[in-house]
Amino acid sequence: MENMRLLEIREAEKKSHMEMYSGAELFEPGSWLQKPVKTVLDLFPLFTEHKELRVLDLGCGVGRNSIPIAKEFRTIPVTLECVDILELAIDKLYMNARQHDVEDNIQGTVSAIEDYPIVTDGYDMIMAISALEHIDSKESFENKLFEIRNGLRNKGVVCLILNSNVEEYDKESGEKLSPQFEVNLPTECLELLLHKVFAGFEVIKETTRQQQYDIPREQGMVSLTTDVVTFVARKNSE
Ligand SMILES: C[S@@+](CC[C@H](N)C(=O)[O-])C[C@H]1O[C@@H](n2cnc3c(N)ncnc32)[C@H](O)[C@@H]1O
């Protein structure tokens, strides 16, 4: 992707995420932050025998998924490393962590995912919920997937929700627009790539759901169609 287009997308995303985070509080009924992602909650039983838990949340936002994990496992040493490109997200993450009494368990960092080095063999779970498609290029995206694989301990779980095959149309004119996503792979390519990178992992959940929704963009309302790919798998290196 050329540099100008990347800057344009990043600026527009920053604006829309700032509006989203300023307009709703964490777990506010009726808002998109109302509850954690069910796929994440469904993974809790996998960790009940753990004596310690280390989790990485890439593109964490304000803690919608990390804070419930910190609360659920508060009786064991649990650390959530939370990374987001937006300073406002990390500020609110810390505010929310204080409110939920888990601030000692949360380590927030303002960084682009592509610039954040993932420690090898460091985590019991690495999640990226609607975030990896905002990495700056397809090459960095692929590299990050391999880093995630290597970053997991034995029995560690990768939990990804990704948009693919995104199309955007101007609501009024019907004109096809360039989608506001840095990485927009055809769904089949994404699925093949995930299976290549996580070969040998036990697949726990894999679904692809088509979604359509209207979204405000700078130039007006846009109709967006996407394949939402959910991929959860566990490392089995023994
Ligand atoms: C749709 S939100 C999802 C937030 C969170 N995962 C959740 O489920 O509530 C995407 C988040 O990714 C962040 N983000 C976008 N591009 C990023 C990048 N390149 N590096 C780090 N974070 C990024 C945004 O600031 C935003 O907070």
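Check the entry above for the structure.
Residues numbered from 1 in each chain as written. Predicted model: local features only at pLDDT ≥ 70, side-chain atom pairs only at ≥ 80, totals over all residues. Heavy atoms only, no water.

### Some points on the pattern of salt bridges
Here is step 1 of the chain: Taken as a whole and assessed by the stated rule, the structure comprises 15 salt bridges.
Here is step 2 of the chain: Arg 10 is the salt-bridge partner of Glu 182, the closest N and O atoms lying 3.1 Å from each other. Note that Glu 182 is positioned in the loop between strand 6 (176–177) and helix 6 (187–197) and Arg 10 in helix 1 (residues 3–23), a separation of 172 residues in sequence.
Here is step 3 of the chain: We note a salt bridge from Lys 196 to Glu 142, for which the minimum N-O separation is 3.9 Å. (Salt bridge = Lys/Arg side-chain N within 4 Å of Asp/Glu carboxyl O. Helix = DSSP H or I, 4+ residues; strand = E, 2+ residues; numbered from the N terminus.)

### Digging into the layout of surface pockets
Here is step 1 of the chain: Reported here for the second largest pocket is a volume of approximately 170 Å³.
Here is step 2 of the chain: Contributing to the lining of the second largest pocket are Arg 5, Glu 8, Ile 9, Ala 12, Glu 168, Leu 177, Ser 178, Gln 180, Arg 217, Glu 218 and Gln 219.
Here is step 3 of the chain: With 4 residues, the top contributor of residues to the lining of the second largest pocket is helix 1.
Here is step 4 of the chain: Across the lining of the second largest pocket, the residue classes tally to 3 nonpolar, 3 polar and 5 charged. (1 Å grid on protein atoms, 1.4 Å probe; cavity = no way out; pocket = protein on both sides within 12 Å on 5 of 7 lines; lining within 4 Å. Points joined across faces, edges and corners; volume = space filled by probe spheres on them. Nonpolar A, V, L, I, M, F, W, Y, C, P; charged D, E, K, R; others polar.)

### Considerations on helix 5 (residues 138–151)
Here is step 1 of the chain: For helix 5, built from 14 residues, the straight-helix expectation of 20 Å at 1.5 Å per residue is met to within 8% by its first-to-last C-alpha distance of 20 Å.
Here is step 2 of the chain: Of all the residues in helix 5, the buried ones are Ser 140, Phe 141, Lys 144, Leu 145, Ile 148 and Gly 151. For helix 5, the buried positions fall inside an angular range of 145° around the axis, keeping them on one side.
Here is step 3 of the chain: Against the buried residues of helix 5 lie strand 1 (53–58), strand 4 (123–129), strand 5 (152–170) and helix 6. (Expected span 1.5 Å × (residues − 1). Buried < 20%, exposed > 50% of the residue type's maximum accessible area, 1.4 Å probe, protein only. Arc of directions from axis to C-beta. Contact = heavy atoms within 4.5 Å.)

### Some thoughts on the site of the ligand
Here is step 1 of the chain: Surveying the vicinity of the ligand reveals 20 residues, the closest of which are Tyr 21, Gly 59, Arg 64, Asp 84 and Ile 113.
Here is step 2 of the chain: Measuring from an oxygen atom of the ligand, one finds a side-chain N or O atom of Arg 64 at 2.8 Å.
Here is step 3 of the chain: Within the side chain of Asn 65, a nitrogen or oxygen atom sits 3.1 Å from an oxygen atom of the ligand.
Here is step 4 of the chain: For the ligand, the protein covers 96% of the area, taking 600 Å² as the surface of the free molecule.
Here is step 5 of the chain: Tallying contributions element by element places helix 1 first for the shell around the ligand, with 4 residues.
Here is step 6 of the chain: Residue classes in the shell around the ligand are distributed as 8 nonpolar, 7 polar and 5 charged. (Near = heavy atom within 4 Å. Polar contact = N/O pair within 3.5 Å; in protein donor to acceptor, adjacent residues only side chain to side chain. Areas by Shrake-Rupley, 256 points an atom, 1.4 Å probe, with all protein chains shown as cover.)

### Side note on the packing of helix 1 against helix 4 (residues 87–99)
Helix packing geometry: the angle between the two helix axes and the distance between the axes.
Here is step 1 of the chain: Running from N to C, helix 1 and helix 4 point in directions that differ by 25°, and their axes come no closer than 9 Å. Our classification of the angle between helix 1 and helix 4 gives roughly parallel. As for the relative orientation of helix 1 and helix 4, their crossing is left-handed in sense. In this structure, helix 1 uses Met 18, Tyr 21 and Ser 22 to contact helix 4, whose residues at the interface are Leu 88, Ala 89 and Lys 92. (Axes fitted to C-alpha atoms, helices over the stretch in contact; angles between N-to-C directions. Parallel < 35°, antiparallel > 145°, perpendicular 65-115°, else oblique. Left-handed = near helix turned anticlockwise from the far one by under 90°.)

### Observations regarding the packing of aromatic side chains
Here is step 1 of the chain: Taken as a whole, this structure holds 5 aromatic pairs when the rule is applied.
Here is step 2 of the chain: Judged by centre distance (5.5 Å) and plane angle (75°), the rings of Phe 44 and Phe 73 are edge-to-face. Separated by 29 residues along the polypeptide, Phe 44 in the loop between helix 2 (38–41) and strand 1 and Phe 73 in the loop between helix 3 (66–72) and strand 2 (78–84) bring together distant segments of the chain.
Here is step 3 of the chain: Of the residues examined, Phe 44 reaches a relative accessible area of 12% and is grouped as buried.
Here is step 4 of the chain: On the basis of an interplanar angle of 85° and a centroid distance of 6.3 Å, the ring pair of Phe 47 and Phe 73 is categorised as edge-to-face. Of this pair, Phe 47 sits in the loop between helix 2 and strand 1 while Phe 73 sits in the loop between helix 3 and strand 2; the two residues are 26 residues apart in sequence, bridging distant segments of the chain. (Phe/Tyr/Trp six-rings, centres within 6.5 Å; stacked < 30°, edge-to-face > 60°.)

### A few points about the side chain of Ser 223
Here is step 1 of the chain: For Ser 223, the location among the structural elements is in strand 8 (residues 220–234).
Here is step 2 of the chain: Note on Ser 223: relative accessible area 15%, which makes it buried.
Here is step 3 of the chain: A polar atom in the side chain of Ser 223 sits 2.9 Å from the side chain of Gln 212.
Here is step 4 of the chain: Excluding its chain neighbours within four sequence positions, the residues that come into contact with Ser 223 are Glu 167, Glu 168, Tyr 169, Lys 171, Gln 212, Tyr 213 and Asp 214.

Honestly, it's all geometry; don't read function into it.
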